[in-house]
Amino acid sequence: MPGPEGHLFPKAASRPDSSVPRLANWAVIGIFLIMGFAAVAAGRDFLMPVTMAILLFFVFTPLRRFAERRGVPDALTAAGITLSILFAVAVLAYAASGPISRTMTNMPLISTQLEQKFENVRDSVADLRDAARRIDEVQSGDRGEDAALPAIRVETEGETTLASVARYAPLLLGQVVFTLILLFFMIASGDLLYLKIVQSFDRMRDKRAAYLALREIEDSLGNYLGAITIINAGLGLAVGLAMWAWGMPAPLLFGLGAFVLNFIPYLGAITGVIIAGLVALVVMPGLFWPAMVMLTYLGLTSLEGQLITPYFVSRRLQMNTVVVFLAVALWAWLWSVLGMVIAVPVLVVMRVLAEHVPGWEKFGNFLAGDTPPALTDEDEDEARDLVEAGAEAEDGETARAATAGLVDPPSPA
């Protein structure tokens, strides 16, 4: 029964300090986030090319504006950009097609060699071999001698890798074509998209702030992706030369793989190290030389990640490493490999927006790296003093005592 004032829960409504409305708001926000993630995951086939086209639009808009100032029509610039991207993708695909085709043809032999290699490892470590045999016997039941075989096997039934590639190739090709067509129309339209966004605000101050935010997204994405692309190209060249020096097969493919995989923070480098190690296990004797190949790949990627990228990428564009890793994992869950590629560019856009949207300052500060910008509504020095004062505390009670003086300074005697 509704209460006398028409409220369904009169006791909760009569208390001005009740937490029920606040909890209800958080519940609505939680439901919205769950439904939003579900919608993003369900619409991946459409949203992935749209997102990629929008990011590329911001990257190439300065080039379009530069050509426009020199009398080049926007449509001609858009055609040149899209055809150049298509040509680059075609060259990469052609360069990788030969080694990939040979690898797929030799996959049974490679699998057999890997089985033999792991069998030798199991023979050299008696305890691990006995433990693995017991696990195999439990899993295999009464298969007799087959229980001693290694766990790595090649599936001879079901869909092959080549069939999977053939099945997903039309979808991937369609998304690439859709991305390029959308990018062409967005660039060919000139400043129309910017104009429509600015027109959606009422006050001139807000219009100017929106336009400056768009221009800053241009600069940030262009600087970040430009620097990362050049660095990744250098890494790919170094990895390719290193694999050639080690006598690895298809060093060009390793170089291209390092270039592409390094657009994925952390996970891309780990994947490259694992692939290099597996191939080295097949073509090199023993375990020492494959380990050296893996260490070489790991050393080059570590040098790039720890020294080169922080030096050439502006500190203003550097992100909280924990947030970057979680964002990569989240987008990988939502959109697979492409999601991992766009994770950091999306964070860059959110970081720029956080600096222009009122109330998002703390969110932008959370996304920032080691040197976050000072907050407008909070003294950054006070926050640092508080964290440093509690860093030496061993437990919560000690931290409470160590930081009490910062909140309520003792009064002078």
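The protein chain is annotated in an unreviewed UniProt entry as AI-2E family transporter of Paracoccus aestuarii. Within the UniProt record for the protein chain, the comment given under Sequence similarities (unreviewed entry) is "Belongs to the autoinducer-2 exporter (AI-2E) (TC 2.A.86) family."

Where nonpolar side chains cluster on the molecular surface, the patch consists of W26, I29, F32, L33, F37, L330 and W333 and spans about 800 Å² of accessible area. Among the secondary structure elements, those contributing two or more residues to the nonpolar patch are helix 2 (20–42) and helix 13 (321–356). In terms of residue count, the dominant contributor to the nonpolar patch is helix 2 (five residues). With respect to the helices and strands, W333 occurs in helix 13.

Before going further, it helps to spend a moment on the UniProt feature "transmembrane region" (unreviewed entry) in the protein chain. In this numbering, the UniProt entry assigns the feature "transmembrane region" (unreviewed entry) to residues 23–40, 46–63, 75–96, 172–195, 224–246, 252–283 and 333–354. Secondary structure across residues 172–195 comprises 88% helix and 0% strand; the distance between its end C-alpha atoms is 32 Å. End-to-end, the C-alpha atoms of residues 333–354 are 25 Å apart, and along that stretch the chain is 100% helix and 0% strand.

Tallied over the entire structure, the rule returns 11 aromatic pairs. Judged by centre distance (6.0 Å) and plane angle (45 degrees), the rings of F46 and F178 are tilted. Of this pair, F46 sits in helix 3 (residues 44–69) while F178 sits in helix 7 (residues 161–188), and the two are 132 residues apart along the sequence. For F46, a relative accessible area of 51% gives the class exposed. For the ring pair F184 and F185, a centre distance of 5.5 Å and an interplane angle of 70 degrees mean the geometry is edge-to-face. Three or more aromatic residues link up through ring pairs in this structure, and these residues are F57, F58, Y194 and Y211.

So, how was this worked out
- Residues numbered from 1 in each chain as written.
- Predicted model: local features only at pLDDT ≥ 70, side-chain atom pairs only at ≥ 80, totals over all residues.
- Heavy atoms only, no water.
- UniProt positions renumbered as here; feature names shortened; annotations may be inferred.
- Patch = residues over 30% accessible without salt bridge, like charges linked within 9 Å, V, L, I, M, F, W, Y side chains within 5 Å.
- Areas by Shrake-Rupley, 256 points an atom, 1.4 Å probe, with all protein chains shown as cover.
- Salt bridge = Lys/Arg side-chain N within 4 Å of Asp/Glu carboxyl O.
- Helix = DSSP H or I, 4+ residues; strand = E, 2+ residues; numbered from the N terminus.
- Phe/Tyr/Trp six-rings, centres within 6.5 Å; stacked < 30°, edge-to-face > 60°.
- Buried < 20%, exposed > 50% of the residue type's maximum accessible area, 1.4 Å probe, protein only.

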